[in-house]
Structures are given as C-alpha cells and as structure tokens.
Amino acid sequence: MSEETLPKRNPDVSWRTIEGQAVLIHNRLGEIQVLNDLGTYIWEHLELGPEILARNIAQEHEVSVPDAQRDVEEFMQALRGSGALADGTD
Amino acid sequence: MKKPYEKPAVIYKERIE
C-alpha cells in the first residue's frame, strides 16, 4: 500500500486517549466518538496500514490475519463514513 | 497466550447540539 492511500485522520478531529480508549471530537460536526481497545490501537497506528495492523492484531489476539484485516478495513470504512478519517480525495 | 478478540468498534457516539 502506497503512502498516498494510507488512511489519514481528519484535521477537524481532535482526539486523546483516556484510560486506554481514544476519544474523538469532531469539531465541525460537534460529535464525540469513543473507540474500544482495538479501535484505539488502529486509530493510534493508522500509518501502519491495514495489512500490518491486521498482522499485529492476529499475533496478539485469537483471530486469523484475514479476519483481522477484514475487520480493520470495515472499521476504517466506518470511521471514514463518520468523518473521523479523511476520505483521501482531497 | 493470545488475548480474546473483540472487533474494533466505536463504542459510544454522541452529537452535541
């Protein structure tokens, strides 16, 4: 995966990890989102890309790499849909 | 020993109006 296609955080989103969970504040939409443990891991390490994220998750958790990768990509799609991730078209 | 797997997810969402 090239650097251009890696998911990027929306600059309108402020965030902080509190007690292991990422809290995202979408300033323009006025929306708060809280991520679970693996959601937080993905959010904090977006620059790794879905393949490496899935491999790392599968090493530590009871899940196969393909299943983890599918879930990572679905999660990123959900973040894109909610505006937390930039859609990459700009 | 591997940890139990829980899909990555948004667990709370609120619109502030």
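Small disclaimer: the values here were computed from a predicted structure and weren't measured.

(A) The arrangement of the overall build of chain A in detail. Counting its regular elements, chain A contains three helices and five strands. For chain A, the sequential pattern of α-helices and β-strands runs β-β-β-β-α-α-α-β. Each principal axis of the C-alpha distribution contributes one length, and for chain A these read about 35 × 30 × 15 Å. Evaluated residue by residue, chain A yields a buried proportion of 27% over its 90 residues. Pairs at least 24 residues apart make up 36% of the contacts formed inside chain A by residues separated by at least 6 positions.

(B) Looking closely at helix 3 (residues 65-82) of chain A. All names here are of chain A. In a regular helix each residue adds 1.5 Å, so 18 residues correspond to 26 Å; helix 3 covers 26 Å between its end C-alpha atoms and thus fits that length. Taken residue by residue, helix 3 has A68, D71, V72, F75, M76 and L79 as its buried positions. Down the axis of helix 3, the sector holding all buried residues measures 135°, keeping them to one side. Turned more than 90 degrees off the buried face of helix 3, the exposed positions are P66, Q77 and G81.

(C) Examining the pairing of strand 1 (residues 10-15) of chain B more closely. Of all the six residues making up strand 1 of chain B, zero are buried; the element is thus mostly uncovered. In this structure, strand 4 (residues 31-35) of chain A lies alongside strand 1 of chain B, joined through five bridges in antiparallel fashion. The residue of strand 1 of chain B that forms the bridge with V34 of chain A is Y12 of chain B.

(D) Representation of the nonpolar core in the model. Counting residues in hydrophobic clusters, the biggest one holds 18 residues, and the most contacted among them are I42, I57 and V72 of chain A. At the level of elements, strand 3 (21-26), helix 1 (37-44), helix 2 (49-60) and helix 3 of chain A are the ones that each hand at least two residues to this core. Once you skip the residues sitting within four places of it in the chain, I42 of chain A turns out to touch L53, V72 and F75 of chain A together with P8 of chain B.

(E) Broad picture of the packing of helix 2 of chain A against helix 3 of chain A. All names here are of chain A. One can describe the packing of helix 2 onto helix 3 by two numbers: an axis separation of 8 Å at closest approach and a directional angle of 125°. In terms of their interaxial angle, helix 2 and helix 3 are classed as oblique. The element helix 2 and its partner helix 3 pack so that their crossing is right-handed. When helix 2 is examined against helix 3, the residues P50, E51, L53, A54, R55, I57 and A58 are found in contact with a partner set consisting of V65, A68, Q69, V72, E73 and M76. A per-class count over the contact of helix 2 with helix 3 returns nine nonpolar, one polar and three charged.

Reading the values: rules and limits
- Residues numbered from 1 in each chain as written.
- Chains lettered and ligands numbered in written order.
- Predicted model: local features only at pLDDT ≥ 70, side-chain atom pairs only at ≥ 80, totals over all residues.
- Helix = DSSP H or I, 4+ residues; strand = E, 2+ residues; numbered from the N terminus.
- Buried ≥ 20, exposed ≤ 12 C-beta atoms within 10 Å, placed from the backbone.
- Contact = placed C-beta atoms within 7 Å.
- Expected span 1.5 Å × (residues − 1).
- Arc of directions from axis to C-beta.
- Pairing = 2+ DSSP bridges.
- Core = buried A, V, L, I, M, F, W, Y, C linked by C-beta atoms within 7 Å.
- Axes fitted to C-alpha atoms, helices over the stretch in contact; angles between N-to-C directions.
- Parallel < 35°, antiparallel > 145°, perpendicular 65-115°, else oblique.
- Left-handed = near helix turned anticlockwise from the far one by under 90°.
- Nonpolar A, V, L, I, M, F, W, Y, C, P; charged D, E, K, R; others polar.

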